[in-house]
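Secondary and tertiary structure notes
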Amino acid sequence: MGIELFEKAQPILETIEDNEFKAYFVGGSVRDYLMDRAIHDIDITTSATPDEVEEMFDKTIPIGKEHGTINVVYNNENYEVTTFRAEAEYLDHRRPSEVYFVRDLKEDLQRRDFTINAIAMDRYYKVYDYFDGQRDINQQRIRTVGNAQERFSEDALRIIRGLRFQAQLGFSLDEATYSAMQDQIADIEHLSIERIIVEFKKLIKGKNVSQSYRNSLNLSLFDYVPFFKEIDMSETTITMPISFEIWLAILMAKSQSELSLAILKLSNKEKSMIQLYKKIILELPNVNSKDAFRIFVYDYGEQNILEIFSIQSLLTLNNLAISSPLIVNAKSINEVAQQLPIHERKEMNINGGDLLNYFHKKSGPWLKEVLREIECAIITNKVQNVKKEILEWVKDNVKI
Ligand code: ATP
Ligand code: MG
């Protein structure tokens, strides 16, 4: 599975080797290939320095040159080519204070986090596995390269990465690795939130998230992470893969206090999706009439509601109330969505100006309220979406 991606990248290894340097596939792609899992991106490791790599290829981007990474653009694909490196001292349990380039593959593999990620493969598919990564793949085990205590104290992100790989692969954590996680968990507080979030996003949608989430709770991982430490995480449980946005929405819906997402440095799109899902979760139980349901589908969108609907059992497990199954079910969500006369405010055949003209009244907060009333009346089929009829309806039904 996925061998095509390696085939496509072959010429890059070839070019590097033609220049008398060594080059190998490495990291997640090799691990996933050996496990027969789909491969998404290919990382290449080489004895050539970044300058030497730049010289060999026509199109390169120096995305992380100081850390040894050059992006090689080949046949419109991007390949990360990173020079073999070793890492000097670590300060504060995060990121090495300096990296230095080496010419030896084994040294490069040695600085990698887990044995399953420390396997290299040359262009003839010959595997270089100095740390028994293949044995750990076969035994489904996540184990650090070298002494776990040392590796976690160098970079505490590896603790979260270990849990993330457990969620993705369904492997168990090697005993010494888990025990070092317990000892060193508090170092997580020195990490930047951006690095943590990258791993959380992968962890929470891993197929084996259930076990990994329980381990995270047992390790008190969340006590050391901004935002999450404000929440009583032990009251939460995640038993199926979900998106990061839905996870955060569940946490926010459960929390009694107002939480600010700002500290997590998410994109605006992510923040607004989280708020939207949170509203759906909180309002779902109050949808108890056909009309309320129509407005609900209009306001929040069929797809978003279906997303939340599909995790109803998880909401129940987290003591979040759910809606009446008589009104809200997958079929009814779809039916209502199909029948909506309009899908957004822009489609209303009336605007504020029309109302001001018709009622000869000055603009004010009333206008917004009336427009919302009209919107709801159209959605619930109390009035047709025709200007003349809407004005009549307002005159007869709304106090202005
Ligand atoms: P994915 O399939 O999610 O891309 P991956 O194993 O490729 O997983 P990456 O985060 O892409 O993970 O990192 C690529 C490789 O770099 C890893 O396989 C590992 O060898 C090494 N690596 C990444 N982060 C660390 C770290 N914090 N400490 C040590 N090695 C690391
Ligand atoms: Mg990767």
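Residues numbered from 1 in each chain as written. Chains lettered and ligands numbered in written order. Predicted model: local features only at pLDDT ≥ 70, side-chain atom pairs only at ≥ 80, totals over all residues. Heavy atoms only, no water.

Note the following rule: UniProt positions are given in the numbering used here, feature names are shortened, and annotations may be inferred rather than shown by experiment.
Looking up the protein chain in an unreviewed UniProt entry gives the name CCA-adding enzyme, with the organism given as Staphylococcus devriesei. In UniProt, the protein chain has this text filed under Subunit (unreviewed entry): "Homodimer." Taken from UniProt, the Sequence similarities (unreviewed entry) comment for the protein chain reads in full: "Belongs to the tRNA nucleotidyltransferase/poly(A) polymerase family. Bacterial CCA-adding enzyme type 3 subfamily."

**Let's talk about the UniProt feature "binding site: CTP" (unreviewed entry) in the protein chain**
So the rule is basically this: Under the scheme used here, helices are H or I runs from DSSP no shorter than 4 residues and strands are E runs no shorter than 2 residues, and both carry numbers assigned from the N terminus. Type-normalised accessible area, obtained with a 1.4 Å probe on protein chains alone, sets the label of each residue: buried when under 20%, exposed when over 50%, and partly exposed for intermediate values. The contact criterion used throughout is that any non-hydrogen atoms of two residues lie within 4.5 Å.
When the UniProt feature table is mapped onto this chain numbering, "binding site: CTP" (unreviewed entry) sits at Gly-28, Arg-31, Arg-112, Asp-155, Arg-158, Arg-161 and Arg-164. When you line up the elements, Arg-112 lands in the loop between helix H4 (105-110) and strand E10 (120-121). Accessibility expressed as a relative area gives 14% for Arg-112, which makes it buried. Each residue touching Arg-112, except ones within four places of it in the same chain, is listed here: Val-26, Thr-45, Asn-117, Ala-118, Val-145 and Arg-151. Considering the arrangement of structural elements, one finds Arg-164 in helix H7 (residues 157-169).

**Some details on the pairing of strand E3 (residues 60-64)**
We apply this condition: A pair of strands is labelled paired if DSSP reports no fewer than 2 bridges between them.
Here E3 runs beside strand E4 (residues 69-74); their pairing, made up of three bridges, is antiparallel. The residue bridging Ile-61 from the neighbouring strand is Asn-71, located in E4. Remark: four residues form the turn of the hairpin made by E3 and E4, two consecutive strands paired antiparallel; Gly-68 in that turn has positive phi of roughly 100°.

**Here's the deal with the environment of Ala-86**
Structurally, Ala-86 can be placed in strand E6 (residues 85-87). Ala-86 sits 185 residues away from Lys-271 along the chain, and the two C-alpha atoms are 38 Å apart. Contacts of Ala-86, omitting those with residues within four sequence positions, involve Val-99, Tyr-100, Val-102 and Glu-107.

**Side note on the pattern of salt bridges**
Inclusion rule: The salt bridge definition used is simple: a Lys or Arg side-chain nitrogen within 4 Å of an Asp or Glu carboxyl oxygen.
A full pass over the atoms with the stated rule returns 30 salt bridges. A salt bridge links Asp-136 to Arg-135; the shortest N-O distance between them is 3.7 Å. Note on Asp-136: relative accessible area 0%, which makes it buried. Judged by its relative accessible area of 36%, Arg-135 is partly exposed.

**Focus: the side chain of Asn-117**
Just so we agree on the cut-off: We call two N or O atoms a polar contact when they sit within 3.5 Å, provided that within protein one can donate a hydrogen and the other can accept it, with sequence-adjacent residues counted only if both atoms are side-chain atoms.
Position of Asn-117 among the secondary structure elements: in the loop between H4 and E10. Side-chain polar atoms of Asn-117 contact the side chain of Asp-113, separated by 3.0 Å. What Asn-117 contacts, discounting residues up to four positions off in sequence, is Gly-27, Arg-31, Arg-112, Arg-161 and Phe-165.

**As for the site of ligand 1**
Test applied: The near set for a molecule or strand comprises every residue that places at least one heavy atom within 4 Å of it. Residue exposure ignores everything except the shown protein chains as possible cover, and the areas themselves are Shrake-Rupley values with a 1.4 Å probe. Note that Gly is not counted as nonpolar here; it falls among the polar residues with everything else outside the nonpolar set of Ala, Val, Leu, Ile, Met, Phe, Trp, Tyr, Cys and Pro and the charged set of Asp, Glu, Lys and Arg.
In the vicinity of ligand 1 lie 16 residues, with Arg-31, Asp-155, Arg-158, Arg-161 and Arg-164 positioned nearest. In this structure, an oxygen atom belonging to ligand 1 sits 2.7 Å away from a side-chain N or O atom of Arg-164. A distance of 3.1 Å is found between an oxygen atom of ligand 1 and a side-chain nitrogen or oxygen belonging to Lys-202. For ligand 1, whose accessible area on its own is 590 Å², the fraction buried by protein is 82%. Counting residues per element, the ones that place at least two in the shell around ligand 1 are helix H2 (28-34), H7 and helix H9 (193-204). Here the shell around ligand 1 gets four residues from one element, more than from any other, and that element is H7. Each residue belonging to the shell around ligand 1 can be placed in one class, and the counts come to one nonpolar, four polar and 11 charged.

**A short note on the packing of aromatic side chains**
Selection rule: Aromatic contacts are taken between Phe, Tyr and Trp rings whose centres are within 6.5 Å, Trp giving its six-membered ring; a plane angle under 30 degrees counts as stacked, one over 60 as edge-to-face, and the others as tilted. We count a charge as sitting over a ring when the NZ of a lysine or the CZ of an arginine lies within 6 Å of the ring centre and within 35 degrees of the ring normal.
Under the definition given, this model contains 20 aromatic pairs. Summarising the aromatic geometry, the rings of Phe-200 and Phe-228 are spaced 5.2 Å apart at their centres and angled 85° between planes, so their arrangement reads as edge-to-face. Taken together, the residues Phe-200 in helix H9 and Phe-228 in the loop between helix H10 (209-218) and helix H11 (244-254) connect sequence positions 28 residues apart. Look at Phe-200 and you get buried, because its relative accessible area is 2%. The class of Phe-228 is buried, set by a relative accessible area of 0%. Aromatic rings pair up to connect Phe-200, Tyr-213, Phe-222, Phe-227, Phe-228, Phe-244 and Trp-247 into one cluster. Over the ring of Phe-165 we find Arg-164; its NZ or CZ atom is 4.2 Å from the centre of that ring. The ring of Phe-244 has Lys-201 sitting right over it, with the charged end atom 5.6 Å from the ring centre.

**Overview of the domain arrangement of the protein chain**
Rules: Note: domain ranges come from an automatic or database domain assignment. Summed over both partners, the accessible area (1.4 Å probe) lost when two parts come together is defined as the buried area.
The domain architecture assigned to the protein chain consists of domain 1 (1-138), domain 2 (140-225), domain 3 (231-340) and domain 4 (345-397). The C-alpha-based centres of domain 1 and domain 2 are spaced at 23 Å. Between domain 1 and domain 2, the contact holds 26 residues from the first and 25 residues from the second. Summed over both partners, the interface of domain 1 with domain 2 comes to about 2,100 Å²; 52% of that surface belongs to carbon and sulfur atoms. The tally of links between domain 1 and domain 2 comes to three salt bridges.

**Section: H7**
Working note: α-helix, 3.6 residues per turn, so residues spaced by three or four point in the same direction. The cut-off we apply is this: Helices are assigned an expected span. That span is 1.5 Å times one less than the residue count.
Compared with the 18 Å implied by 1.5 Å per residue over 13 residues, the 18 Å span of H7 between its first and last C-alpha is a close match. Every buried residue belonging to H7 is among Leu-157, Arg-158, Ile-159, Ile-160, Gly-162, Leu-163, Arg-164, Phe-165, Gln-166, Ala-167, Gln-168 and Leu-169, and all of these are buried. Just past H7, the residue Gly-170 takes up positive phi, approximately 75°.

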